[in-house]
Structures are given as C-alpha cells and as structure tokens.
Amino acid sequence: MNSEPDQTLLIFCSCSADAAGELASALVEQRLAACVSCLPARSTYRWQGEVTADDEVLLIIKTVQHRYPALEQSLLELHPYELPEILAVPVSAGLPDYLAWVAENTR
C-alpha cells in the first residue's frame with residue numbers, strides 16, 4: 001500500500017443497522033473520516049464453524065493513510081462485533097478536488 005500520508009483510502013466495514021449511524025458520526029466528528037456512506041447489505045459468512053447470513057450495513061469510509069491507525073483503533077473500540085471487518089483499499093485515481101476535500105477534512 002502506498003504510504004504517502006495523504007493517500008486516499010476507502011475503508012470497508014460492515015456492522016449492524018443499529019451501530020451504523022453511531023460509528024459513522026463518531027468517525028466524522030473525530031476527523032478520522034471525511035465521509036461515511038452507509039449501504040444496506042446481506043452478508044453470508046462462516047463464523048465459529050457455522051454458515052450464517054445477516055442483514056447488515058456496509059460502511060464505506062473515506063479517509064487518508066495517516067489517519068488509518070487512529071481510525072482502526074476507534075472502530076475496534078466502538079464496533080459491537082467481536083471481529084469487525086476492517087479493510088483498507090488505496091484509491092489510485094479520483095477527482096482531484098474531491099481527493100483534496102478528503103485530505104482537508106481529515107486534518
């Protein structure tokens with residue numbers, strides 16, 4: 001992963017519908033994320049030896065590389081799941097003004 005401090009990242013994190021708003025607000029209020037989009041999702045997965053399916057919310061979190069460690073820590077503290085999905089994907093291109101807005105709003 002590109003380690004430039006202002007490298008834009010998309011973080012994917014699934015959670016319950018009850019937790020989504022609180023998590024999104026906390027990340028934006030702490031300036032760990034510039035924006036969090038909340039999308040309905042149906043997740044099928046294996047957990048503790050059983051295949052299960054749940055309705056969840058997928059958070060798409062827009063942040064920058066240097067804020068990732070604090071964002072991850074905040075998610076671990078606030079997230080209700082024992083093992084939350086936290087996946088960081090670097091953005092290779094995007095509208096320059098939008099990428100600058102993400103960087104500005106995570107300072």
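Because the structure is predicted, anything quoted here is derived from the model rather than measured.

1. Notes on the overall build of the protein
Then, in step 1: Each helix and strand counted, the protein has three helices and four strands in total.
Then, in step 2: Reading the protein from its N terminus to its C terminus gives the helix and strand order β-α-β-β-α-β-α.
Then, in step 3: Taken over C-alpha atoms, the radius of gyration comes to 14 Å for the protein, in line with the 13 Å a tight globule of 107 residues would show.
Then, in step 4: Across its three principal directions, the C-alpha atoms of the protein cover 45 × 25 × 20 Å.
Then, in step 5: The proportion of buried residues among the 107 residues of the protein is 36%.
Then, in step 6: Summed over its atoms, the accessible surface of the protein is roughly 6,300 Å², and 54% of this surface lies on carbon and sulfur atoms.
Then, in step 7: Positive and negative charge centroids in the protein, built from 6 and 15 side chains respectively, lie 4 Å apart.

2. Some thoughts on the pairing of strand β1 (residues 8–15)
Then, in step 1: Among the eight residues of β1, six are classified as buried, and the element is accordingly described as predominantly covered.
Then, in step 2: Here β1 pairs with strand β3 (residues 50–64) via eight bridges, running antiparallel. Following the sheet pairing, S14 is matched in β3 by L58.

3. Here's the deal with the sheet that holds β3
Then, in step 1: Reading across the sheet, the four strands line up as β2-β3-β1-β4 and stay open at both edges, with antiparallel pairing between neighbours. Lying at the two open borders of the sheet, with one neighbouring strand each, are β2 (35–47) and β4 (87–90). When strand polarity is set aside, the average angle formed by the axes of neighbouring strands in this sheet is 30 degrees.
Then, in step 2: Note: β1 against β4, four bridges, orientation antiparallel.

4. A word on helix α2 (residues 68–78)
Then, in step 1: When we look at burial in α2, the residues that qualify are Y68, L71, S74 and L75. The buried residues of α2 all sit within an arc of 125 degrees when viewed along its axis, so they share a single face. For α2, the exposed residues lying more than 90 degrees away from the buried face are P69 and E77.
Then, in step 2: Looking at the buried residues of α2, the elements they touch are β1, α1 (17–29), β3 and β4.

5. Description of the nonpolar core
Then, in step 1: Judged by nonpolar contacts, the single largest core of 19 residues is most densely connected at L27, L59, I61 and L75.
Then, in step 2: Secondary-structure elements contributing two or more residues to this core are β1, α1, β3 and α2.
Then, in step 3: Examining the composition of this core, we find that five residues originate from one element, α1, more than from any other.
Then, in step 4: Other than its neighbours up to four places away in sequence, L59 contacts I11, F12, C13, C15, A20, L23, V36, S37 and C38.

6. Regarding the pattern of salt bridges
Then, in step 1: This structure, assessed with the given rule, holds three salt bridges.
Then, in step 2: In this structure, R107 engages D6 in a salt bridge whose closest nitrogen and oxygen atoms are separated by 3.8 Å. With R107 in the segment after α3 (96–104) and D6 in the segment before β1, this pair connects stretches of sequence that are 101 residues apart.
Then, in step 3: Since its relative accessible area comes to 52%, R107 is described here as exposed.
Then, in step 4: Look at D6 and you get partly exposed, because its relative accessible area is 39%.
Then, in step 5: Residues D55 and R42 are paired through a salt bridge, measuring 3.2 Å at the closest nitrogen-oxygen approach.

7. Quick look at the environment of V89
Then, in step 1: Turning to its location among the elements, V89 is positioned in strand β4.
Then, in step 2: The partly exposed category is assigned to V89, whose relative accessible area is 35%.
Then, in step 3: Separated by 77 residues in the primary sequence, V89 and F12 have C-alpha atoms spaced 8.1 Å apart.

Analysis parameters
- Residues numbered from 1 in each chain as written.
- Predicted model: local features only at pLDDT ≥ 70, side-chain atom pairs only at ≥ 80, totals over all residues.
- Heavy atoms only, no water.
- Helix = DSSP H or I, 4+ residues; strand = E, 2+ residues; numbered from the N terminus.
- Rg over C-alpha atoms; globule rule 2.2 N^0.38 Å.
- Buried < 20%, exposed > 50% of the residue type's maximum accessible area, 1.4 Å probe, protein only.
- Areas by Shrake-Rupley, 256 points an atom, 1.4 Å probe, with all protein chains shown as cover.
- Lys, Arg positive; Asp, Glu negative; His and termini not counted.
- Charge placed at Lys NZ, Arg CZ, Asp CG, Glu CD.
- Pairing = 2+ DSSP bridges.
- Axes fitted to C-alpha atoms, helices over the stretch in contact; angles between N-to-C directions.
- Arc of directions from axis to C-beta.
- Contact = heavy atoms within 4.5 Å.
- Core = buried A, V, L, I, M, F, W, Y, C linked by side-chain atoms within 4.5 Å.
- Salt bridge = Lys/Arg side-chain N within 4 Å of Asp/Glu carboxyl O.

Worth remembering: the numbers are spatial, not functional.
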